[in-house]
Amino acid sequence: MNKTIVITGGAGFIGSHVIRRFVKNYPDYQIINLDSLTYAGNLNNIEDVSKSSNYKFVKGDITDRDFIFRFIADTQPDGVIHLAAESHVDRSIRNPVAFLTTNILGTVHLMDALREIWKEPTDKRFYHISTDEVYGSLGKEGYFTESTAYDPKSPYSASKASSDHFVRSYFNTFGLPIVISNCSNNYGPNQFPEKLIPLMINNIRHNKPLPVYGKGENIRDWLYVEDHASAIDLIFHKGKTGETYNIGGENEWKNIDLVNFLCQLMDKKLGRNSGDSEKLITYVTDRAGHDLRYAIEAEKLRDELGWRPSLQFEEGLEKTVDWYLSNDDWLEAVTSGDYQNYYQEYYK
Ligand code: NAD
Ligand code: TDX
């Protein structure tokens with residue numbers, strides 16, 4: 001079963017876990033990682049598989065239409081798993097255009113290039129990785145399902161919602177063999193420390209204030225990144241063409257409860273007195289348009305494809321903290337330079 005699979009965004013957080021899984025589990029596939037290495041892309045994330053004979057890295061930008069057409073024509077992929085994106089909500093509030101160009105235009109360029117080479121696409125697949133944020137915000141009750149109406153609230157989620165619509169339109173209009181999944185918040189090793197969990201771990205480690213937005217009452221549904229990667233593997237191989245699957249952890253946490261829990265865990269790991277890290281919590285101005293609650297109903301994925309998350313949150317969080325504490329070099333490398341400017345600008 002020799003197949004060429006392009007994974008975009010494979011140097012990023014989730015992409016690196018997907019690359020590792022595919023390189024290791026599918027030795028017959030040729031895996032090509034296409035990534036432009038923005039601030040969020042880091043080849044160290046996949047160093048352990050970089051020498052594998054079935055893996056290749058190509059540096060390239062999905063917003064460069066001519067490049068993408070050449071790349072797809074040269075590569076002739078059988079499948080594309082599309083993760084490359086601008087992914088941070090706070091950055092989208094400051095610079096919406098980057099989200100529009102990468103997340104919407106970049107996705108359309110890829111699909112146009114695939115239409116050129118997939119003339120009879122019976123065994124091909126374009127798999128678009130998306131987010132539960134496209135559904136907007138829940139109140140205290142209820143869950144997002146695959147049929148929840150789209151209601152994106154941030155420039156990030158608006159760009160992902162738009163790209164989802166384009167992907168479905170290419171299925172309906174051109175017969176492009178697509179599949180989409182919408183996942184809840186991921187956490188785990190290699191996540192860039194602009195996102196809640198790694199930012200808090202990094203700040204606790206360095207005794208810096210822990211910036212909780214608003215009253216800390218917003219709720220997110222957290223899923224360990226390797227469980228997302230296992231769902232992606234399953235949907236890529238077994239999901240039905242044209243369908244959408246929601247992926248979630250059934251693991252809702254109020255931000256402030258999560259930060260408190262992380263403080264207690266890190267007090268133990270760092271040999272601090274219980275309660276020391278909690279003193280660092282600082283309530284700061286709320287995020288503009290901050291969605292109150294996300295929660296996923298992943299029944300379709302469970303019932304049709306048999307997927308289950310493998311890790312309990314407490315276990316996944318401990319693995320994550322251990323990874324950050326034993327990868328000081330990684331954290332140091334990504335938080336030096338530009339990160340300091342980012343931090344000053346966003347948290348001043
Ligand atoms: P990330 O920001 O860690 O990584 C994004 C990767 O895409 C980086 O390697 C970056 O270099 C690359 N990239 C960005 N712009 C590019 C361009 N123009 N051309 C080529 N490569 C480019 O993101 P992540 O958290 O790993 O998210 C991956 C995907 O999963 C995104 O599509 C995101 O919307 C989606 N998603 C993320 C989460 C989450 O909790 N992080 C949840 C659900 C869905
Ligand atoms: O410093 C912070 N303080 C804080 O209170 C940060 C960075 C975040 N927060 C809050 C905002 C959110 O309620 O924590 C929650 C999680 O924030 P993020 O980690 O920025 O994630 P979120 O905005 O929920 O979006 C994430 O999940 C869905 C990813 O960034 C998206 O890429 C994904 O699609």
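Owing to the predicted nature of the structure, the values given are computational and were not obtained by experimental measurement.

K.L.:
Could you give me a rundown of the packing of helix H1 (residues 13-25) against helix H7 (residues 225-238), with the residues and numbers involved?
P.N.:
Direction vectors running N to C along H1 and H7 enclose 60°, while the axes themselves pass 9 Å from each other. Judged by the inter-axis angle, H1 sits oblique to H7. For H1 against H7, the interelement crossing comes out right-handed. Counting all contacts with H1, which are made through Phe13, Ile14, His17, Val18, Arg21, Phe22 and Asn25, the residues of H7 involved are Val225, Glu226, His228, Ala229, Ser230, Ile232, Asp233, Phe236 and His237. Of the residues belonging to the contact of H1 with H7, the class tally is eight nonpolar, five polar and three charged.

K.L.:
An account of the site of ligand 2 is requested, with residue identities and associated values reported.
P.N.:
Around ligand 2, 21 residues are found, and the nearest of them are Glu133, Tyr156, Arg287, His290 and Tyr347. Here an oxygen atom of ligand 2 sits 2.8 Å away from a polar atom, N or O, in the main chain of serine 87. Between ligand 2 and the protein, one listed contact pairs an oxygen atom with a side-chain N or O atom of asparagine 185 at 2.9 Å. Taken by itself ligand 2 offers 650 Å² of open surface, and the protein chains cover 95% of this. The set of elements that each furnish at least two residues to the shell around ligand 2 consists of helix H6 (196-205) and strand E8 (210-213). Of the residues belonging to the shell around ligand 2, the class tally is nine nonpolar, seven polar and five charged. Two domains share the shell around ligand 2, each providing at least three of its residues, namely domain 1 (3-187 + 222-247) and domain 2 (196-219 + 252-291 + 313-340).

K.L.:
Can you lay out empty space enclosed by the protein for me, pointing to particular residues and giving the numbers?
P.N.:
As enumerated under the stated definition, the model contains two cavities of 30 Å³ or more in all. Its volume calculated, the largest cavity comes out at about 40 Å³. Lining the largest cavity, in full, are Val89, Ile93, Glu133, Ser154, Arg287, Ala288, Gly289, His290, Asp291 and Tyr294. Residues belonging to the lining of the largest cavity are distributed by class as follows: four nonpolar, three polar and three charged. A volume near 30 Å³ is recorded for the second largest cavity. Around the second largest cavity, the lining residues are Thr38, Tyr39, Ala40, Ala85, Glu86 and Ser87.

K.L.:
Please provide a residue-by-residue account of the domain arrangement of the protein chain, values included.
P.N.:
Assigned domains within the protein chain: domain 1 (3-187 + 222-247) and domain 2 (196-219 + 252-291 + 313-340). Between domain 1 and domain 2, the C-alpha centre-to-centre distance is 27 Å. Taken together, the contacts link 14 residues of domain 1 with 17 residues of domain 2. Both faces combined, the contact of domain 1 with domain 2 buries some 1300 Å², and carbon together with sulfur accounts for 55% of it. Three residues stand out in domain 1 for area buried against domain 2, namely Tyr187, Trp222 and Tyr224, and they jointly supply 45% of the buried area on that side. The salt bridge involving aspartate 90 is made with arginine 287; its shortest N-O contact spans 2.7 Å.

Parameters at a glance
- Residues numbered from 1 in each chain as written.
- Chains lettered and ligands numbered in written order.
- Predicted model: local features only at pLDDT ≥ 70, side-chain atom pairs only at ≥ 80, totals over all residues.
- Heavy atoms only, no water.
- Axes fitted to C-alpha atoms, helices over the stretch in contact; angles between N-to-C directions.
- Helix = DSSP H or I, 4+ residues; strand = E, 2+ residues; numbered from the N terminus.
- Parallel < 35°, antiparallel > 145°, perpendicular 65-115°, else oblique.
- Left-handed = near helix turned anticlockwise from the far one by under 90°.
- Contact = heavy atoms within 4.5 Å.
- Nonpolar A, V, L, I, M, F, W, Y, C, P; charged D, E, K, R; others polar.
- Near = heavy atom within 4 Å.
- Polar contact = N/O pair within 3.5 Å; in protein donor to acceptor, adjacent residues only side chain to side chain.
- Areas by Shrake-Rupley, 256 points an atom, 1.4 Å probe, with all protein chains shown as cover.
- Domains from an automatic or database assignment.
- 1 Å grid on protein atoms, 1.4 Å probe; cavity = no way out; pocket = protein on both sides within 12 Å on 5 of 7 lines; lining within 4 Å.
- Points joined across faces, edges and corners; volume = space filled by probe spheres on them.
- Buried area = accessible area lost by both parts, 1.4 Å probe.
- Salt bridge = Lys/Arg side-chain N within 4 Å of Asp/Glu carboxyl O.

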